[in-house]
Amino acid sequence: METIRLNRSNLAEWQKKARPNVMALGCFDGLHHGHCAVINTAFQKANEKQVPLAVMSFFPHPKTVISNGKIHVHYLMPLAEKEAKLRKMGVDTFYIVEFDKGFAGVAPEQFAAQYLNGLGVVHAVAGFDFSYGARGAGNMDRLKSDSGGRIDVTKVAKVELRGEKISSSCIRERLLNGKVAELPDLLGQFYETQCEWNGDRFILYPYYTLPGPGRYRVTLKNLSGSVQTEVSVLNDGTTLQCTDEIPFIGKLSIVWKKQIVEARKLRIS
Ligand SMILES: Cc1cc2nc3c(=O)[nH]c(=O)nc-3n(C[C@H](O)[C@H](O)[C@H](O)COP(=O)(O)O)c2cc1C
Ligand SMILES: Nc1ncnc2c1ncn2[C@@H]1O[C@H](COP(=O)(O)OP(=O)(O)OP(=O)(O)O)[C@@H](O)[C@H]1O
């Protein structure tokens, strides 16, 4: 898979190199079941048409830029983890579009012409609620006409759980409320954060979100093995404490299984 950081200054260069492709569109933070439905649909279309599969995502999150920084997005995974997962899903090209105020102001027709037609998209796939272009005015019902009729469009129906749309936002909410045991139904696996244990404290890597304060049953794992233990997120929301001796030093993954004590009942030694 090729990862391309796209912006207005290098767009023309990548347009020249573009080949016909099927493209999935969206932010895809967390790669939950709804995201996978979009990407897997695009994968099938690309196979049918015998063309490469591309994914176009945006960074920083549009909500942060559009709100002039007022909305802080609690990212679920760094771009490197998203990249690794997209590669495993069979994506050939991963475009990360620099989302700034200038890009946010691009008219829907212009976005379709420059970033879809211009990058060789013959078939676009996104979810029922994907919006694009200034003020989010573009949507999946007008994308074909915005492309001058040149792009076929597949709108993926809402993937929901017990009547609720599965979204990165609802996953962030459950995480911050400590409901980590509910996440496999939304993510397809327990939520994992990558960090460093330096023998004294945990240092969380950027672009992960810790569950809200409380004590959690977790699995700590690294390349040499794994241990089941309990980790507390203190009331500052960032400090982690482990009840057991940690048998390894360095990079490790914390797999968040279940909250066993809520914040208000947490007694810290
Ligand atoms: C080129 C482009 C420009 C966009 N400009 C805006 C915008 O000006 N205002 C807006 O609300 N959404 C805009 N969006 C839509 C955002 O990607 C996003 O859908 C929107 O912030 C709402 O997020 P949500 O649908 O996840 O709630 C734009 C998207 C693209 C691809
Ligand atoms: N539950 C879902 N069902 C179908 N499509 C979805 C679902 N959730 C997201 N999508 C689609 O997947 C792509 C990426 O979604 P995106 O990350 O932009 O939104 P999201 O998951 O709702 O995140 P957020 O809550 O931060 O807005 C978009 O095309 C979107 O329409």
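Calculation rules
- Residues numbered from 1 in each chain as written.
- Chains lettered and ligands numbered in written order.
- Predicted model: local features only at pLDDT ≥ 70, side-chain atom pairs only at ≥ 80, totals over all residues.
- Heavy atoms only, no water.
- UniProt positions renumbered as here; feature names shortened; annotations may be inferred.
- Pairing = 2+ DSSP bridges.
- Helix = DSSP H or I, 4+ residues; strand = E, 2+ residues; numbered from the N terminus.
- Axes fitted to C-alpha atoms, helices over the stretch in contact; angles between N-to-C directions.
- Near = heavy atom within 4 Å.
- Polar contact = N/O pair within 3.5 Å; in protein donor to acceptor, adjacent residues only side chain to side chain.
- Areas by Shrake-Rupley, 256 points an atom, 1.4 Å probe, with all protein chains shown as cover.
- 1 Å grid on protein atoms, 1.4 Å probe; cavity = no way out; pocket = protein on both sides within 12 Å on 5 of 7 lines; lining within 4 Å.
- Sits in = over half its atoms within 2 Å of the grid points.
- Nonpolar A, V, L, I, M, F, W, Y, C, P; charged D, E, K, R; others polar.
- Domains from an automatic or database assignment.
- Contact = heavy atoms within 4.5 Å.
- Buried area = accessible area lost by both parts, 1.4 Å probe.
- Salt bridge = Lys/Arg side-chain N within 4 Å of Asp/Glu carboxyl O.

Per an unreviewed UniProt entry, the protein chain is named FAD synthase, and its organism is Neobacillus bataviensis. Reading the Pathway (unreviewed entry) entry of the UniProt record for the protein chain gives the comment "Cofactor biosynthesis; FAD biosynthesis; FAD from FMN: step 1/1." Taken from UniProt, the Catalytic activity (unreviewed entry) comment for the protein chain reads in full: "FMN + ATP + H(+) = FAD + diphosphate".

Asker: What is the right way to look at the sheet that holds strand 13 (residues 214-222) in this model?
Answerer: Two pairing modes exist for strands in a sheet, parallel and antiparallel, and in both the strands are linked by backbone hydrogen bonds. Within the open sheet, the six strands sit side by side as 12-11-16-13-14-15. Their pairing is antiparallel. In this open sheet, the two strands that pair with only one neighbour each are strand 12 (202-204) and strand 15 (240-242). Averaged over all neighbouring strand pairs, the angle between strand axes comes to 45°, with direction disregarded. Bridge count between strand 14 (residues 225-233) and strand 15: three bridges; the pairing is antiparallel. Residue pairing in the sheet places V233 in a bridge with L240 of strand 15.

Asker: Just to check I follow, could you spell out the site of ligand 1 for this structure?
Answerer: Around ligand 1, the structure places 14 residues, and the nearest of them are F103, A104, S131, G133 and R135. A distance of 2.8 Å is found between a nitrogen atom of ligand 1 and a backbone nitrogen or oxygen belonging to A104. Protein coverage of the free-state accessible area of ligand 1, which is 610 Å², stands at 74%. Given that more than half its atoms are within 2 Å of the pocket grid, ligand 1 belongs to the largest pocket. Going through the elements one at a time, helix 3 (62-66), helix 5 (101-104) and strand 6 (131-132) are the ones with two or more residues in the shell around ligand 1. Of the residues forming the shell around ligand 1, the biggest block, three residues, is contributed by helix 3. Here the residues of the shell around ligand 1 sort into nine nonpolar, three polar and two charged.

Asker: Would you take a moment to explain the domain arrangement of the protein chain for this structure?
Answerer: A common way to express how large an interface is: the accessible area buried when the components associate. Domain annotation for the protein chain reports domain 1 (2-161) and domain 2 (167-260). The straight-line distance from the C-alpha centre of domain 1 to that of domain 2 is 30 Å. If you look at the interface, domain 1 gives 18 residues, while domain 2 gives 19 residues. Buried surface at the junction of domain 1 and domain 2, summed over both partners, amounts to about 1,500 Å²; 56% is from carbon and sulfur atoms. In this assembly, domain 1 and domain 2 are joined by one salt bridge. For the interface between domain 1 and domain 2, the tally reads 11 residue pairs in polar contact (both at pLDDT 80 or more). Broken down by secondary-structure element, the contributors of at least two residues to the side of domain 1 that touches domain 2 are helix 2 (33-49) and helix 4 (79-88). Along the lines of polarity and charge, the residues of the side of domain 1 that touches domain 2 split into eight nonpolar, six polar and four charged.

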